[in-house]
Amino acid sequence: AKKAVAEAKASGKYPDGIKTQVWADATTRWRVDTAQILSSNAKEVGIDCEVVMMEAGTITKQFLDRKAPVYPNTWGASSIDPDAMYRFLNTKGQDYPYVNDPEVDQLLETGRYTWDPAKRKDVYDKIQRIMLDRFHGIWMYHVDYFDAARKNVHYTREKYAPMGLRGLEESWIE
């Protein structure tokens, strides 16, 4: 990263150095922490990265309007079925990470209507590979989700859709 920053500065494109901002909403602790870590890491390689705190509604609007320079965000499906990726990655959907990739769009359509589990897995494996190879985001961590299947384990069913992921903080054992 230091080499890339040095080359970018030497190109003349950034005569005053590389400067950016990382935005965070002050009410979400993990976003604040992540923004501070990103800023610190950027400084280590020679990028001046200012942490800017905003009210959640303001930052969300700016993010959806694609005006946030760097913004710690979550991305993931709310269901165990990978078809949930459709609305986040398809150009016609929300496409939060702005993938805007016709090949991903086609694979999402194919995966959506493929019933053979092995073929379907191949399709979604290709999407994952494309996201790792082409996507401009930084994958920082993954949250593991667990679901209990015994009759004595309960959760607030009206809050969660069928096949949706549930948090253990609202589950109990009888």
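In this text the structure is predicted, and so the values were computed from the model without any measurement.

Inspection of the secondary structure assignment puts G46 in the loop between helix 2 (29–44) and strand 2 (47–54). Between the C-alpha atoms of G46 and K3, which are 43 residues apart in sequence, the distance is 9.8 Å. Excluding residues within four positions of it along the chain, G46 makes contact with V5, K9 and I18.

Now for the pattern of salt bridges. What the rule picks out here adds up to eight salt bridges. As a salt-bridge pair, D65 and K61 come within 2.8 Å of each other at their nearest N and O atoms. A salt bridge links R129 to D133; the nearest nitrogen and oxygen atoms lie 3.3 Å apart. With R129 and D133 both in helix 6 (residues 117–134) and four residues apart, this pair spans about one turn of that helix.

Two elements in contact, helix 5 (residues 102–112) and helix 6, have axes separated by 9 Å at closest approach and are oriented at 155°. Considering their axes alone, helix 5 and helix 6 lie roughly antiparallel with respect to each other. At the point where helix 5 passes helix 6, the crossing takes the left-handed sense. Residue-level inspection shows E103, V104, L107, L108, T110, G111 and R112 of helix 5 in contact with helix 6, the latter providing R120, V123, Y124, K126, I127, I130 and R134. The residue makeup of the contact of helix 5 with helix 6, split by class, is seven nonpolar, two polar and five charged.

With that out of the way, let us pick up the confidence of the model for the protein chain. Any region with low pLDDT has predicted coordinates that should not be read closely. Confidence in the prediction of the protein chain, expressed as mean pLDDT, is 82, and 80% of residues score 70 or more. At the low end of the mean pLDDT range in the protein chain sits strand 3 (residues 153–155), at 73; at the high end sits strand 2, at 95.

A separate point is the packing of aromatic side chains. For any two aromatic rings, the description comes down to two numbers: the centre-to-centre distance and the angle of the planes. Enumeration over the complete set of coordinates arrives at one aromatic pair. We note R112 situated over the ring of Y86; from NZ or CZ to the ring centre the distance is 3.7 Å.

Before going further, it helps to spend a moment on the pairing of strand 1 (residues 18–25). In terms of strand pairing, strand 1 meets strand 2 through eight bridges, oriented parallel. Within strand 2, the residue paired with V22 across the bridge is V51.

Calculation rules
Residues numbered from 1 in each chain as written. Predicted model: local features only at pLDDT ≥ 70, side-chain atom pairs only at ≥ 80, totals over all residues. Heavy atoms only, no water. Helix = DSSP H or I, 4+ residues; strand = E, 2+ residues; numbered from the N terminus. Contact = heavy atoms within 4.5 Å. Salt bridge = Lys/Arg side-chain N within 4 Å of Asp/Glu carboxyl O. Axes fitted to C-alpha atoms, helices over the stretch in contact; angles between N-to-C directions. Parallel < 35°, antiparallel > 145°, perpendicular 65-115°, else oblique. Left-handed = near helix turned anticlockwise from the far one by under 90°. Nonpolar A, V, L, I, M, F, W, Y, C, P; charged D, E, K, R; others polar. pLDDT = per-residue confidence, 0-100. Phe/Tyr/Trp six-rings, centres within 6.5 Å; stacked < 30°, edge-to-face > 60°. Lys NZ or Arg CZ within 6 Å of the ring centre and 35° of its normal. Pairing = 2+ DSSP bridges.

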